[in-house]
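# A look at the structure
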Amino acid sequence: MEETTTRIVPGNEVCTLINVFTVAPERQAELVKLLEEATQEVMRHLPGFISANLHRNQEGTRVANYAQWASREHFEAMLRDPKAQTHMRAAAALVEKFEPHLYEVVSTHARSAP
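These remarks concern the structure in this document. Since the structure is predicted, the reported quantities are computational estimates derived from the model, not experimental observations.

### Concerning the pattern of salt bridges
In the structure shown here, the tally under the stated rule is four salt bridges. A salt bridge links glutamate 37 to lysine 33; its shortest N-O distance comes to 3.1 Å. Here glutamate 37 and its partner lysine 33 are both found in helix H1 (residues 28–41), four residues apart, which amounts to about one turn of the helix. Here glutamate 76 and arginine 72 are joined by a salt bridge, their closest N and O atoms 2.9 Å apart. Residue glutamate 76 and its partner arginine 72 are located together in helix H2 (residues 72–80), separated by four residues, close to a single helical turn. For glutamate 76, a relative accessible area of 31% puts it in the partly exposed group. Note on arginine 72: relative accessible area 47%, which makes it partly exposed.

Next up, the structure:
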């Protein structure tokens, strides 16, 4: 299977999920591990999955998941998948709240080469 990576490109017709989890500092590492396992065991095998990137804040109180799906329909199909639902319930049990939203890339900026 061909490996794909995250490509943040305006006009790219992917569906981008940014989900920010608020978590107690003593549970941040556990949440990251759970999300890594969910991605490796389930999400990356589902149709339309492109990539997932996990970020943790330095204060230990948040974890952000930046994930790309081929389309909104693929993302919504993942939400209905029983194996994915098991992992989502486990993550929800670890956190104070989570805020998933779907986005599209409209602009990117980078430092110019010297």
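### Notes on the sheet that holds strand S2 (residues 49–56)
Spatially, S2-S3-S1-S4 is the arrangement adopted by the four strands of the open sheet, whose pairing is antiparallel. Either end of the sheet is taken by a strand with one partner, and the two such strands are S2 and strand S4 (97–103). Neighbour-to-neighbour, the strand axes of the sheet open up by a mean angle of 15 degrees, direction not taken into account. Packing of H1 onto the sheet brings it into contact with strand S1 (15–22), S2 and strand S3 (62–69), and relative to S2 it is tilted by some 170 degrees.

### Examining the side chain of threonine 39
Looking at the element boundaries, threonine 39 is found in helix H1. For threonine 39, the side chain forms a polar contact with the main-chain oxygen of leucine 35, separated by 2.9 Å. Among all residues touching threonine 39, those that are not within four sequence positions of it are Arg44, Phe49 and Ala52.

### Here's the deal with the pairing of S1
Strand residues, when the strand is regular, have side chains that alternate between the two faces of the sheet. In terms of burial, S1 is largely enclosed, as six of its eight residues are buried. Pairing analysis gives eight bridges linking S1 to S3, with the strands arranged antiparallel. Bridge assignment links valine 20 to a residue of S3, and that residue is alanine 64. Here S1 runs beside S4; their pairing, made up of seven bridges, is antiparallel. Within S4, the residue paired with valine 20 across the bridge is glutamate 99.

Criteria and cut-off values
- Residues numbered from 1 in each chain as written.
- Predicted model: local features only at pLDDT ≥ 70, side-chain atom pairs only at ≥ 80, totals over all residues.
- Heavy atoms only, no water.
- Salt bridge = Lys/Arg side-chain N within 4 Å of Asp/Glu carboxyl O.
- Helix = DSSP H or I, 4+ residues; strand = E, 2+ residues; numbered from the N terminus.
- Buried < 20%, exposed > 50% of the residue type's maximum accessible area, 1.4 Å probe, protein only.
- Pairing = 2+ DSSP bridges.
- Axes fitted to C-alpha atoms, helices over the stretch in contact; angles between N-to-C directions.
- Contact = heavy atoms within 4.5 Å.
- Polar contact = N/O pair within 3.5 Å; in protein donor to acceptor, adjacent residues only side chain to side chain.

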